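Read off the chains here:
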Amino acid sequence: MKRFDAWLPLLPAFVLIATLEGLSQTGWIPAYLAPAPSEVLQAFSTEFESLRTAALETLAASFIGFISAAILGVLIGLILSSARWIQAAFFPYAIFFQTVPIIAIAPLLVIWFGFGMPTVVMSALIVCIFPVIAATLAGIQSTEKPLLELFSLYRATALQTMMSLKLPFALPQIFTGLRISAGLAVIGAIVGEFIAGGGLGGLIDVSRTRQRVDIVFAAILLASAIGLLLVGLIRLLRKISLRSW
Amino acid sequence: MKIQLQSVSKFFDGNIQALSPLSLEIAKGEFVSLMGPSGCGKSTLLRLISGLEKPSSGSVLIPAEMKSFGFVFQDPHLLPWRTLEENIRLPLEFQKISSAETQSRITEVIQLIGLEDFRRARPSQLSGGMKMRASLARALVTNPQILLLDEPFAAVDEILRDRLDQELRRIWKTLGITVIFVTHSVSEAVFVSNRLIALSPRPGHIVKDEMINLPMDRGSDLKWTESFLNQMTQISKTFESMKESR
């Protein structure tokens, strides 16, 4: 039964694809609105080169953006949690930063970082850093109070308390934040590419103007595959590092 | 040598008085139970002695030779990502002690609590009683002069609590340390300690301070002897009268 359950999500996908194929072949859905699934499949082989180049670019940009956001986000979370006044003074800005739509900042990024990879990486980073900050902060604040008292009773230094207690305590929550961020990083990269060009975002933009919806769909599928890849990577890391919990 | 509290009081957030001025002496090597209704400030008293809290007025005097503490909380509070042995090692990581010394102390306390076979087990693999023992071992590994326990066995079942109480008494006799034990169970207090101090409802002050006249060696059958029941009845009556006068 369990083995069967794992394959069950394929059923609606199969039904949807078959229906779409049928509707397209019979002309119910015009080709310029949505391509037949078979055409998307075909685009994967005819446009293989450009899709591969674009996907690798997006993968690199979202990966670099995500890793930088992970490192920077944990660091900022640690700094914010180190003193009540620091948190009070700076956390509102982190929230403010989060509420500014990336699509509005992206043109500025082009002015600052030019057309190309740095802008895309920055865009990914900006979009996905907040969940890491928030999760790190919440995780550290959930440290059991008696343990904090125990550490102070044993005269542990602030650094020792951070490394031996707070950070390990926050780890499960940090990973939850990272999982959310991994998905967001791809969104940030695609948005960046819309403005700065290159990658799957650039390809989607160009194909749209050329009315090549089949390529657009192929690119969308690849973008979500990249997201799944990053999320999977985080799950794996989480499993390894929380093995002893 | 003794712990001295001189008209110590404690206020929280400016106006909530947890302890009214209270004076108390506890000699080195005593086993004292602190009792009282919930919220009477017995935990606060423990925290004042350990230095986790500062008194609002009065002073807590502890001779330098006695000034090392072990603290056991109501829950074990072990670090889930560490093995039993690594949990017990924790307090030593903040002291400058050679690794040979560290290892011998860990072995010593693990033997004391009888968990030799579980050195590498994670807290999630241990029973409630084992976790509590591990927590006790962590408190003992620094060779503290004063062991403070804040309702340590309140969450375990009665049979296990009896056994842990007996172990605690055995450890106290073996190590010759000072033990201050907070509990809300009269029978546990009479069973485990040599002196019982009862506090009034908040703001806490001492309403009863007396020695428990029971043999040094105490087995679980002690609980059915007349002298045990007499002492328990007497102390329970004190608490009854306290309720009425409120």
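For the structure, check the block above.
These numbers come from a predicted model, not from an experiment. (Residues numbered from 1 in each chain as written. Chains lettered and ligands numbered in written order. Predicted model: local features only at pLDDT ≥ 70, side-chain atom pairs only at ≥ 80, totals over all residues.)

1. A closer look at the sheet that holds strand β9 (residues 206–211) of chain B
Strand pairing within a sheet occurs via backbone hydrogen bonds; the two strands may be parallel or antiparallel.
Residue and element names in this part refer to chain B.
Piece 1. One open sheet holds the 6 strands; their spatial order is β5-β6-β7-β3-β8-β9, and the pairing between them is mixed. Across the chains shown, the open sheet's two edge strands, defined by having one partner strand only, are β5 (69–72) and β9. Averaged over all pairs of adjacent strands, the angle between strand axes in this sheet comes to 15°, irrespective of strand direction.
Piece 2. Of the pairings in the sheet, the one linking strand β6 (residues 146–150) to strand β7 (residues 178–182) comprises 5 bridges and is parallel in character. Among the inter-strand pairings, leucine 147 is bridged to a residue of β7, identified as valine 179.
Piece 3. In this fold helix α4 (residues 128–140) packs onto β5 and β6, with an angle of close to 165° to the strand it touches most, β5. (Pairing = 2+ DSSP bridges. Helix = DSSP H or I, 4+ residues; strand = E, 2+ residues; numbered from the N terminus. Axes fitted to C-alpha atoms, helices over the stretch in contact; angles between N-to-C directions. Contact = placed C-beta atoms within 7 Å.)

2. Structural notes on the packing of helix α9 (residues 158–196) of chain A against helix α10 (residues 199–209) of chain A
All names here are of chain A.
Piece 1. Two elements in contact, α9 and α10, have axes separated by 7 Å at closest approach and are oriented at 50°. Relative to α10, the element α9 is oriented oblique. The two elements α9 and α10 meet at a crossing, and its hand is right-handed. Where α9 abuts α10, its residues Ala189, Ile190, Val191, Gly192, Glu193 and Phe194 lie against Gly199, Leu200, Gly201, Gly202 and Asp205.
Piece 2. Residue composition of the contact of α9 with α10, grouped by class: 5 nonpolar, 4 polar and 2 charged. (Parallel < 35°, antiparallel > 145°, perpendicular 65-115°, else oblique. Left-handed = near helix turned anticlockwise from the far one by under 90°. Nonpolar A, V, L, I, M, F, W, Y, C, P; charged D, E, K, R; others polar.)

3. Looking at the environment of B:Trp172
Piece 1. Mapped onto the fold, B:Trp172 is located in helix α5 (residues 158–175).
Piece 2. Those residues in contact with B:Trp172, other than ones at most four positions away along the chain, are B:Phe31, B:Ile177 and B:Val179.

4. A look at the pairing of β6(B)
Residues and elements named next belong to chain B.
Piece 1. In terms of burial, β6 is a largely internal element, 5 of the 5 residues being buried.
Piece 2. Burial of the side chains of β6 extends over both faces: Ile146, Leu148 and Asp150 are buried on one face and Leu147 and Leu149 on the other.
Piece 3. Judged from the 4 bridges that link them, β5 and β6 form a sheet pairing that is parallel. The residue of β6 that forms the bridge with phenylalanine 71 is leucine 148.
Piece 4. A crossover connection joins β6 to the parallel β7 through α5; in handedness this β-α-β unit is right-handed. (Buried ≥ 20, exposed ≤ 12 C-beta atoms within 10 Å, placed from the backbone. Right-handed = clockwise from strand over helix to strand, strands pointing away.)

5. A short note on the environment of B:Ile197
All names here are of chain B.
Piece 1. Take isoleucine 197: it is sitting in strand β8 (residues 195–199).
Piece 2. For isoleucine 197, a count of 22 C-beta atoms within 10 Å puts it in the buried group.
Piece 3. For the pair isoleucine 197 and leucine 126, spaced 71 residues apart in sequence, the C-alpha separation works out to 34 Å.
Piece 4. Not counting residues up to four positions away in its chain, the partners in contact with isoleucine 197 are Val32, Ser33, Leu34, Ile206 and Asp209.

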